[in-house]
Amino acid sequence: LTYHSYAEHFVLNKESLFNIIESLRTASKSLDDYGFFIVPTIIYSLFGVEFGCHILSLLNALFIIGSCNFLYKLCEIISIDKRDILTICFLFGTLAYAIYTAAAGLKENIMMFFIVGAMFYMYKFLKKKTAVALVCTIVFSLFLCFFRTAIAAILLATFIISLFLLTFILSPVNIDSSIVKL
């Protein structure tokens, strides 16, 4: 069954959130899949299944726009040339893959939003050490647990290793040049 089929089933049978989670656990769905079973279920509950499919596609497009926004801000604080930033964001936002997944209502755009958001806030924290950036890095990474647990673990490990390296080994002043060279 697809995410859509599960969500449609949950909405038509008026399942509670507890019953939905229990159904997913019983069906041997991993934590990785919970996020995108829950998202369409909420959308379909609010707007109905027929209209909810259109809202889900629109929501996916908004997640692409949000990802592009985070990517733009990340490139901007790394001090990449404005024209290059616009090219990067244009290519990222208009890739055939992103357009297909937005139209099909797949979870990849939501995942990308959390990945790019976590990377933006991670870099922002490593550069400025604000509590908001730290909390956002952790929250965005933890939300990824409901879409792809391995990516969340990789992001959190990268954050911890980067924090360690910048604190004890590298100079925080050189972070921009190190990132641009990568």
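Structure's up top.
For the structure given in this document, a descriptive report is provided here. (Residues numbered from 1 in each chain as written. Predicted model: local features only at pLDDT ≥ 70, side-chain atom pairs only at ≥ 80, totals over all residues. Heavy atoms only, no water.)

## Some words on helix α5 (residues 82-94)
Working step 1: Over its 13 residues, α5 runs 18 Å from end to end, which matches the ideal 18 Å to within 8%, given 1.5 Å per residue.
Working step 2: Three or more residues of α5 are buried, namely I85, C89 and G93. Along the axis of α5, the buried positions cluster into a sector of 55°, meaning they face one direction only. Structural note: α5 exposes R83 and F90 on the side pointing more than 90 degrees away from its buried face. (Helix = DSSP H or I, 4+ residues; strand = E, 2+ residues; numbered from the N terminus. Expected span 1.5 Å × (residues − 1). Buried < 20%, exposed > 50% of the residue type's maximum accessible area, 1.4 Å probe, protein only. Arc of directions from axis to C-beta.)

## What about the packing of aromatic side chains?
Working step 1: One pass over the full model with this rule turns up 14 aromatic pairs.
Working step 2: Centre to centre, the rings of F113 and F140 are 5.7 Å apart; their planes meet at 40°, and the pair counts as tilted. With F113 in helix α7 (residues 108-128) and F140 in helix α8 (residues 131-143), the pair connects residues that are 27 residues apart, well separated along the chain.
Working step 3: Of the residues examined, F113 reaches a relative accessible area of 16% and is grouped as buried.
Working step 4: Of the residues examined, F140 reaches a relative accessible area of 12% and is grouped as buried.
Working step 5: Ring geometry for F114 versus F140: centroids 5.7 Å apart, planes at 70°, classification edge-to-face. (Phe/Tyr/Trp six-rings, centres within 6.5 Å; stacked < 30°, edge-to-face > 60°.)

## Regarding the pattern of salt bridges
Working step 1: Per the counting criterion, the structure on display carries one salt bridge.
Working step 2: Linking R83 and D84 is a salt bridge whose minimum nitrogen-to-oxygen distance equals 3.8 Å. (Salt bridge = Lys/Arg side-chain N within 4 Å of Asp/Glu carboxyl O.)

Geometry only, nothing functional implied.
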